[in-house]
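Per-entry structural report
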Amino acid sequence: MGHFVAGEWVSGWYKADAKGHFVRPETTFRGTAEPVSGRYHLYVSLACPWAHRTLIARSLLGLTEHIAVTVVDWFLDDDGWRFFEGQPEPLFGFTRLRELYRKADEHYTGRVTVPVLWDRERGTIVQNESREILRQLCTVFKPLSNGRELSPPHQRAEIDSVLDDIYNPINNGVYRCGFAHTQVAYDEAVKALYAALDKYEERLASRTFLCGEELTEADICLFTTLVRFDPVYSVHFKCSRKRIQDYPNLHRFTRAVYHTPGVTETVDFDHIRNHYYVSHDFINPRRIVAAMPDLPL
């Protein structure tokens, strides 16, 4: 997975810090959309947990007719995300997502990531930060939605607190385990990951969802990591101490979100498993896709 430097494409995977820790760069496009039907186009990968957040919200909020979506190929190589062969990007006929980034900013420096929210009117990327796209779907686009509340104002402080709390040890933590360059970095990441999973196993003992009895943004963001955990992260990223199905409450929670109407159809295990095992040849050089475990979902 390469990246842009002043508009020029450079090969190479993410760098690690001096101690071997995986460091995720900040996203760049951080604008605010407007609630206009048909104006925005969402680019996602079905494999990516960050992009999956936005797909779930789009579905649950009834925004599918207002925000079009394009899914990239599950395979990620050094030229970045590509569109399916024979199915070029619908707005400009691009074959690679990086072309969209360069159209937005011909001098762009940074990674080419999903999700991307494209503004058709302005001809640019308005957002490529998953958490902010999710929040805008729940708030800015509310006039176009079915009225469902995934980010109720009276719960927003608690939701934000949970989102902050799960980001580094769990959402990003599985990557900190899988992309660690040293044993020390891996040991630190896996310790933090399982401490956080233990904490949220206990939290869910007394409630259905993270912030009470109704599903919110916080649940979506935890779910997209947990649903990938046993099929991929437990093996591929060496998150091997325990599976999610070994946690009664986290497993019940994952099942509850998975079976929420509008969620199940956004989960594609073929994309998920093929993407990780085949794309990350620096972890899995023979690109052998591990057998699908029994998932009692």
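Residues numbered from 1 in each chain as written. Predicted model: local features only at pLDDT ≥ 70, side-chain atom pairs only at ≥ 80, totals over all residues. Heavy atoms only, no water.

Description of helix α1 (residues 49-60)
The terminal C-alpha atoms of α1, which comprises 12 residues, lie 16 Å apart, in line with the 16 Å expected from a rise of 1.5 Å per residue. α1 sits mainly inside the fold: 11 of its 12 residues count as buried. (Helix = DSSP H or I, 4+ residues; strand = E, 2+ residues; numbered from the N terminus. Expected span 1.5 Å × (residues − 1). Buried < 20%, exposed > 50% of the residue type's maximum accessible area, 1.4 Å probe, protein only.)

A short note on the pattern of salt bridges
Evaluated as defined, the whole model comprises 18 salt bridges. A salt bridge links Glu158 to Arg203, with the nearest nitrogen and oxygen atoms 3.1 Å apart. Of this pair, Glu158 sits in helix α4 (residues 156-171) while Arg203 sits in helix α6 (residues 183-203); the two residues are 45 residues apart in sequence, bridging distant segments of the chain. On the basis of relative accessible area, Arg203 is assigned to the partly exposed category, the value being 24%. (Salt bridge = Lys/Arg side-chain N within 4 Å of Asp/Glu carboxyl O.)

Considerations on the packing of aromatic side chains
Here the structure, examined in full by the defined rule, presents 24 aromatic pairs. Arranged with centres 5.2 Å apart and planes meeting at 25 degrees, the rings of Phe92 and Phe94 form a pair that is stacked. We classify Phe92 as partly exposed; its relative accessible area is 33%. Seen in terms of ring centroids, Tyr233 and Phe237 are 5.3 Å apart; in terms of plane orientation they differ by 5 degrees. Their pairing is stacked. Taking the relative accessible area as the measure of exposure, Phe237 reaches 0% and is therefore buried. Chaining the aromatic ring pairs together yields one cluster made of Trp50, Tyr167, Tyr175, Phe179, Tyr194, Phe229, Tyr233, Phe237, Tyr276 and Phe282. Sitting over the face of the ring of Tyr175, Arg24 holds its NZ or CZ atom 4.7 Å from the ring centroid. Its end group placed over the ring of Trp9, Arg98 keeps NZ or CZ at 4.6 Å from the ring centre. (Phe/Tyr/Trp six-rings, centres within 6.5 Å; stacked < 30°, edge-to-face > 60°. Lys NZ or Arg CZ within 6 Å of the ring centre and 35° of its normal.)

As for unusual backbone geometry
Residue Pro115 follows Val114 across a cis peptide bond; omega there is 5 degrees. By the secondary structure assignment, Pro115 is in the loop between β7 (110-111) and β8 (116-119). Located in the positive-phi region is Lys238, a residue other than glycine, with phi close to 60 degrees. Considering the arrangement of structural elements, one finds Lys238 in the loop between α7 (217-236) and α8 (248-258). Backbone geometry at Arg287 places phi at a positive 55 degrees, although glycine is not the residue there. Note that Arg287 resides in the segment after α9 (269-279). Arg287 sits in the partly exposed class, given a relative accessible area of 36%.

Here we look at the sheet that holds strand β9 (residues 124-127)
The 4 strands lie next to each other as β4-β3-β8-β9, forming an open sheet whose pairing is mixed. One side of each edge strand has no neighbouring strand; the edge strands of this open sheet are β4 (68-71) and β9. The mean inter-strand angle of the sheet, taken between neighbouring strand axes irrespective of direction, is 35 degrees. Pairing geometry for strand β3 (residues 40-44) and β8, over 4 bridges, is antiparallel. Its bridge partner being in β8, His41 is matched across the sheet by Trp118. Against the sheet, helix α3 (residues 130-138) makes contact with β3, β8 and β9, and its axis sits at roughly 80 degrees relative to β9, the strand it touches most. (Pairing = 2+ DSSP bridges. Axes fitted to C-alpha atoms, helices over the stretch in contact; angles between N-to-C directions. Contact = heavy atoms within 4.5 Å.)

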